[in-house]
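Spelled out from the first residue to the last, the chains are:
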There are 2 protein chains.
Amino acid sequence: MSEVKKAYVRPLDFRHGRIDMNHGAGGRAAAQLISELFAAAFDNEFLRQGDDGASLPLPAGGRLVMATDAHVVSPIFFPGGDLGCLAVHGTVNDVAMMGATPLYLAASFILEEGYPLADLRRIVESMAAAAREAGVAIVTGDTKVVEQGKGDGVFIGTTGVGVVPQGVQVGGARARPGDAVLLSGSIGEHGVAVLSKRESLEFETAIESDTAALHTLVAAMLAAAPGGVRVLRDPTRGGLATTLNEIARQSGTGMLLDEAAIPVLPQVEAACELLGLDPLYVANEGKLVAVCAEADADAVLAAMRAHPRGARACRIGSVIEDAHGFVQMDTRFGGRRVVDWLSGEQLPRIC
Amino acid sequence: MSEVKKAYVRPLDFRHGRIDMNHGAGGRAAAQLISELFAAAFDNEFLRQGDDGASLPLPAGGRLVMATDAHVVSPIFFPGGDLGCLAVHGTVNDVAMMGATPLYLAASFILEEGYPLADLRRIVESMAAAAREAGVAIVTGDTKVVEQGKGDGVFIGTTGVGVVPQGVQVGGARARPGDAVLLSGSIGEHGVAVLSKRESLEFETAIESDTAALHTLVAAMLAAAPGGVRVLRDPTRGGLATTLNEIARQSGTGMLLDEAAIPVLPQVEAACELLGLDPLYVANEGKLVAVCAEADADAVLAAMRAHPRGARACRIGSVIEDAHGFVQMDTRFGGRRVVDWLSGEQLPRIC
């Protein structure tokens, strides 16, 4: 037993160590990984309780919001971010898009045997920094290990809980004909950044992921027009086109977009041309689409532009009547075309 | 485009179909998988909102509880259960062990390309049935697909939210010297059932996993002695021994167990001998350990025995003073030994 004791007090080797099956077996090695890595990085009063769940103050407000994501982005490290911060931003944004203030995150890790502890620490520290910056505590978690070849480095599941302020009513089914469609900034950066890293492409101008938490932008928009913001959604997988089709279907309306109004960075446009991608279908991780009552659109747009995450916000179209739920777009060349759902595989494992 | 439309209305082929990368790309195929499988099986008013999160009534109570698990059990189907029901039971139990009434579950799926849709449906339907039986709604979810060889069939992340009734205070750090240690039934069945299937072993008497939701058992115990139940925990990975060591460490106490009082089914005992396992370290998925004030122990035990999930409940020891946090056990042969933390790999991917 003395040998076991000695092994237990030897700290984890974050330079050369690797994940082994013991780190997921619920015994001593698992406890050590939790205390020396996860608990140290995420430290807060709730996690410190050390139970199999977190006991939290019951928030006051109108509604409770819950959102969950499995994050499997490949590669794990990409220009402008990594799996760790993405896992926080993705779920914080899903909560925020319900009109809620994100409060707590739960995180579960599926680690592949043999994964370097140094890389895992980088991911966890990025996650901790993103949570701190967003003002959201990671209050509980779980760690599992799968054999080499049964996973792909690290997968992270995050679930967020938040509370909707009294009086706020936001949802994908609330768009009405005549409403304005607003976009918080340029599209396509995240998907192009991940894909360029995956394919080892280098562009003249570096393209970085836009991964960011958007809840303070949402708060500013709701403050500008509490009842006027009807739909909020972040155009992640499937991009802006898919998100607008979802909203149209949920609301039983159509949409009419103005292609010239949709901002795309020139380097993203060039990369998309090279890669054969349409920026409308490329994932974003730090942008949002809002549907607002026409009367409130200017106020909401002004609030967006006054926020660093919405500096390039613009109006990109309107909600129209259409029982078929089509999203149409006036093109730069003077035509009008249907912007369909993404049919094939655009970019797998983008988040 | 007409071809695409035709493909879209063709329902999923649950007999011969397989998961492909498109099912995770956020487009049309993903939407179809969600609507024809997940939304159909889990159907409830919150999921039906169709947003990227769920908007829920804010519960009334003392505290909010949040617990999360990544489920990677292998094999996915085992005697007495499968990944689907296990994912519900595991998280419902983590929430219940905080003294909370489980209310909502979020579920995220990581699917491996090529996985049969028929098996996925079996898992999802088992999950739906377990949630229905437990009276807990699966309110939001996410689906990702990874390439063949980058996953292992299906992984499920579940997060549970519940509410602690006013006045209930349960936590791993609350054990006090003199308290009674209660166990809700026999140990080792889940781990042995999974391992025997994994190793293709057949025993004369079938051993089935004990996977089950324990929240109604917890409710009965709390009703019997509202202030007397100090610690609740389900001895999953690492088994009873690890769970008791965790509680001892969190509480700064020791434990003294009576080996003869710990129920183990004869077929589990025999299988463990054959496999070289100690039942004390083998995972359970339908059992709980409770630490109770001595004065309330009889009332709590009676309440447990009156519940189908606690029919074989018994007192297995006491909390004692011990600054080192040792768990000791009086053996059947009249000796006393330390029941240490699990050091090596006992059973990976057991839940």
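Bear in mind the structure is a predicted one, so any value in this text is a computation, not a measurement.

Colleague: Could you give me a rundown of the sheet that holds strand E7 (residues 154–164) of chain B, with the residues and numbers involved?
Modeller: Within the open sheet, the five strands sit side by side as E1(A)-E2(B)-E7(B)-E5(B)-E6(B). Their pairing is mixed. Where the open sheet ends on each side, the last strands, each with one partner, are strand E1 (54–57) of chain A together with strand E6 (137–146) of chain B. For this sheet the average axis-to-axis angle between neighbouring strands, irrespective of direction, equals 20°. Here ten bridges tie strand E5 (residues 101–112) of chain B to E7 of chain B, and the two strands are oriented antiparallel to one another. By the bridge assignment for E7 of chain B, leucine 105 of chain B is matched with glycine 160 of chain B. Where helix H3 (residues 83–96) of chain B meets the sheet, its contacts fall on strand E2 (63–71), E5 and E7 of chain B, and the angle it forms with E2 of chain B comes to roughly 150°.

Colleague: Please give an account of helix H2 (residues 28–42) of chain B that cites residues and values.
Modeller: With 15 residues, H2 of chain B should cover 21 Å at 1.5 Å per step; its first-to-last C-alpha distance of 20 Å lies within 8% of that length. When the local axis directions of H2 of chain B are compared, the greatest deviation, roughly 35°, occurs at isoleucine 34 of chain B.

Colleague: Residues and numbers for the environment of glutamine 169 of chain A, please.
Modeller: Residues and elements named next belong to chain A. If you trace the backbone, glutamine 169 turns up in the loop between strand E7 (154–164) and strand E8 (180–183). Glutamine 169 sits in the exposed class, given a relative accessible area of 52%. Considering only alpha carbons, one finds glutamine 169 and alanine 213, 44 residues apart in sequence, at a separation of 21 Å. Ignoring anything within four residues of it in the chain, the contact list for glutamine 169 reads Arg174, Val229 and Arg230. Within the local environment of glutamine 169, its side chain forms a polar contact with the side chain of arginine 174, the two groups lying 3.2 Å apart.

Colleague: Explain the environment of alanine 134 of chain A residue by residue, including any values.
Modeller: Within the secondary structure, alanine 134 of chain A is located in helix H4 (residues 117–134). Setting aside anything within four residues of it in sequence, one finds alanine 134 of chain A in contact with Ala213 and His215 of chain A.

Colleague: With reference to specific residues and values, describe the packing of helix H6 (residues 215–224) of chain A against helix H9 (residues 297–305) of chain A.
Modeller: All names here are of chain A. At a minimum axis separation of 8 Å, H6 and H9 run at an interaxial angle of 150°. Crossing hand, H6 versus H9: right-handed. Taken together, the residues of H9 that come into contact with H6 (itself represented by Leu217, Ala220, Met221 and Ala224) are Ala299, Val300, Ala303 and Met304. A class-by-class count of the residues in the contact of H6 with H9 yields eight nonpolar, no polar and no charged.

Colleague: Quick one: what's the story with the packing of aromatic side chains, residue by residue and with numbers?
Modeller: A complete count under the given rule lists seven aromatic pairs over all chains for this structure. Plain terms: the ring middles of phenylalanine 46 of chain B and tyrosine 104 of chain B are 5.7 Å apart, the flat faces sit at 80° to each other, and that makes the pair edge-to-face. Residue phenylalanine 46 of chain B is located in the loop between H2 and strand E1 (54–57), and its partner tyrosine 104 of chain B is located in strand E5; the two are separated by 58 residues in the primary sequence. Each member of the pair, phenylalanine 46 of chain B together with tyrosine 104 of chain B, is buried. Linked through ring pairs, Phe38, Phe42 and Phe109 of chain A together constitute an aromatic cluster. In this structure, arginine 122 of chain B packs its charged tip against the face of phenylalanine 77 of chain B, placed 3.7 Å from the ring centre.

What counts and what doesn't
Numbers given for residues are sequential positions, taken from 1 along each chain in its written order. Labels are handed out in written order, letters beginning with A for the chains and numbers beginning with 1 for the ligands. Reporting of local features is limited, given that this is a predicted model, to residues whose pLDDT is at least 70; pairs of side-chain atoms are given and counted only at 80 or more, and all residues count toward the totals for whole chains, interfaces and linings. No hydrogens and no water enter the side-chain calculation; it runs on all heavy atoms of the structure. If DSSP finds at least two bridges between two strands, the strands pair. Each helix is a run of DSSP H or I of at least 4 residues and each strand a run of E of at least 2, with the numbering of both proceeding from the N terminus. Helix axes are fitted only over the stretch in contact, all axes being lines through C-alpha atoms; the angle between N-to-C directions runs from 0 to 180 degrees. By definition, residues are in contact when any of their heavy atoms lie within 4.5 Å. To estimate how far a helix should reach, multiply one less than its number of residues by 1.5 Å. What the bend at a residue measures is the angle between two axes, fitted to the seven residues ending there and to the seven starting there. Three exposure classes are used, based on accessible area relative to the maximum for each residue type with a 1.4 Å probe and protein chains only: buried under 20%, partly exposed in between, and exposed over 50%. Identification of polar contacts relies on pairs of N or O atoms within 3.5 Å, with a donor-acceptor requirement for protein atoms, meaning one able to donate a hydrogen and the other able to accept it, and with residues adjacent in sequence counted only if both atoms are side-chain atoms. By convention, the crossing between two helices is left-handed when the near helix turns anticlockwise from the far helix through less than a right angle, and right-handed when the turn is clockwise. Ten residue types, Ala, Val, Leu, Ile, Met, Phe, Trp, Tyr, Cys and Pro, are classed as nonpolar, four, Asp, Glu, Lys and Arg, as charged, and the remainder, Gly among them, as polar. Two rings from Phe, Tyr or Trp (for Trp, the six-membered ring) form a pair when their centres are within 6.5 Å of each other. A pair whose planes differ by under 30 degrees is stacked, one over 60 is edge-to-face, and the rest are tilted. Note on geometry: a ring has a charge over it if NZ (lysine) or CZ (arginine) is within 6 Å of the ring centre and within 35 degrees of the ring normal.

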